[in-house]
Amino acid sequence: MLKLTEFEDNALYFKAQEQNVSVQRLLVESALTFESGDTATNRKAAVQSILRAERQLAAIGNNLNQIARGVNAGAPVSAELHHSLEFLRGVLMRLDDAASSIAKVGVSS
């Protein structure tokens, strides 16, 4: 059992509420925080965000395949499509960088 003053107890409670975790989870993660300052909860949220983005990118890929079929059948390629593809390439590169960064933190911890 951990002895706390009323102030400490309240401070932990409100800090845990801010982070949407229990006081116990807050204490564990605070004690085991990675060198980068990321907690397990933060890293889990980041990974979930990347997985959501991956699903969205898969849907975009399906749309691109449909567009490619149209272009291969003789439909014209618009400047807007070229711009969209360049934007998508940039997003993919940033997503790959973010995933690599998370993986490196996980390996070094």
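As the structure is a prediction and not an experimental result, all values here were calculated from the model.

Conventions we followed
Along every chain, residues carry numbers that run from 1 in the direction the sequence is written. pLDDT decides what is reported in this predicted model: residues at 70 or higher carry local features, side-chain atom pairs at 80 or more are listed and counted, and totals for whole chains, interfaces and linings draw on all residues regardless. Each side-chain value is worked out from all heavy atoms of the structure, with water and hydrogens disregarded. The helix and strand labels rest on DSSP assignments: H or I over at least four residues marks a helix, E over at least two residues marks a strand, and numbering proceeds from the N terminus. Throughout, a residue-residue contact means that at least one pair of heavy atoms, one from each residue, lies within 4.5 Å. Only residues whose relative accessible area exceeds 30% and that form no salt bridge enter a patch; like-charged residues are grouped when within 9 Å of one another, and nonpolar side chains (Val, Leu, Ile, Met, Phe, Trp, Tyr) when within 5 Å. A 1.4 Å probe and the Shrake-Rupley method give the accessible areas. Residues count as covered only by the protein chains that appear here. The working definition used for a salt bridge is a side-chain nitrogen of Lys or Arg within 4 Å of a carboxyl oxygen of Asp or Glu. The buried label applies to any residue whose accessible area, calculated with a 1.4 Å probe on protein chains only, is under 20% of its type's maximum; exposed applies above 50%, and partly exposed to all values in between. In a helix, the anticipated span is given by 1.5 Å times the number of residues less one. Lines are fitted to the C-alpha atoms to define the axes, a helix being fitted only along its stretch in contact, and any angle between axes, read from their N-to-C directions, falls within 0 to 180 degrees. Any angle that is under 35 degrees is reported as roughly parallel, and any over 145 degrees as roughly antiparallel; angles of 65 to 115 degrees are reported as roughly perpendicular and all others as oblique. In this classification, Asp, Glu, Lys and Arg are treated as charged, Ala, Val, Leu, Ile, Met, Phe, Trp, Tyr, Cys and Pro as nonpolar, and every other residue, Gly included, as polar. In this scheme Phe, Tyr and Trp rings, the latter by its six-membered ring, pair at centre separations within 6.5 Å, and the angle between planes marks the pair as stacked below 30 degrees, edge-to-face above 60, and tilted otherwise.

A short note on the overall build of the protein chain
Then, number 1: The helix and strand inventory of the protein chain stands at 4 helices and 0 strands.
Then, number 2: Each helix (α) and strand (β) of the protein chain, taken in turn from the N terminus, gives the series α-α-α-α.
Then, number 3: Taking all contacts inside the protein chain whose residues are at least 6 apart in sequence as the whole, residues at least 24 apart take part in 46%.

Re a nonpolar patch on the surface
Then, number 1: On the surface, L2, L4 and L27 cluster together into a nonpolar patch covering about 250 Å² of accessible area.
Then, number 2: Take L2: it is sitting in the segment before helix 1 (6–19).

What about the environment of Y13?
Then, number 1: One can find Y13 in helix 1.
Then, number 2: Considered as a pair, Y13 and Q24 are 11 residues apart in the sequence and their alpha carbons are 9.7 Å apart.

Thoughts on the pattern of salt bridges
Close approach of charged atoms allows side chains with opposite charge to pair.
Then, number 1: Inspection of the entire model under this criterion finds 1 salt bridge.
Then, number 2: E86 is paired through a salt bridge with R89; the nearest N and O atoms lie 2.6 Å apart. Of this pair, E86 and R89 both sit in helix 4 (residues 79–108), 3 residues apart, roughly one helical turn.
Then, number 3: Its relative accessible area of 46% is what places R89 among the partly exposed residues.

Examining helix 1
Then, number 1: A rise of 1.5 Å per residue sets the reference length of helix 1, with its 14 residues, at 20 Å; its end C-alpha atoms lie 20 Å apart and thus fit the reference within 8%.
Then, number 2: N20 sits one or two positions beyond helix 1 and adopts a positive phi of about 60°.

Some thoughts on the packing of helix 1 against helix 2 (residues 23–31)
Then, number 1: Two elements in contact, helix 1 and helix 2, have axes whose closest approach is 9 Å; the angle formed by their N-to-C orientations is 85°. For the element pair helix 1 / helix 2, the angle class is roughly perpendicular. In this structure, helix 1 uses L12, Y13, K15, A16 and Q19 to contact helix 2, whose residues at the interface are V23, L26 and L27.
Then, number 2: When the residues that make up the contact of helix 1 with helix 2 are grouped by side-chain class, the tally is 6 nonpolar, 1 polar and 1 charged.

Describing the packing of aromatic side chains
Then, number 1: According to the stated counting rule, one finds 1 aromatic pair in the structure shown.
Then, number 2: Relative to F14, the ring of Y13 has its centre 5.3 Å away and its plane inclined at 75°; by these criteria the two rings are edge-to-face.
Then, number 3: Overall, F14 belongs to the exposed group, its relative accessible area being 52%.

Some details on unusual backbone geometry
Then, number 1: Within the chain, N20 stands out as a residue other than glycine whose phi angle is a positive 60°.
Then, number 2: By secondary structure assignment, the location of N20 is in the loop between helix 1 and helix 2.
Then, number 3: Residue N20 is classed as exposed on the basis of its relative accessible area of 70%.

Some details on the environment of D9
Then, number 1: Locating D9 in the fold gives a position in helix 1.
Then, number 2: Residues D9 and V23, 14 residues apart in the sequence, show an inter-C-alpha distance of 9.1 Å.

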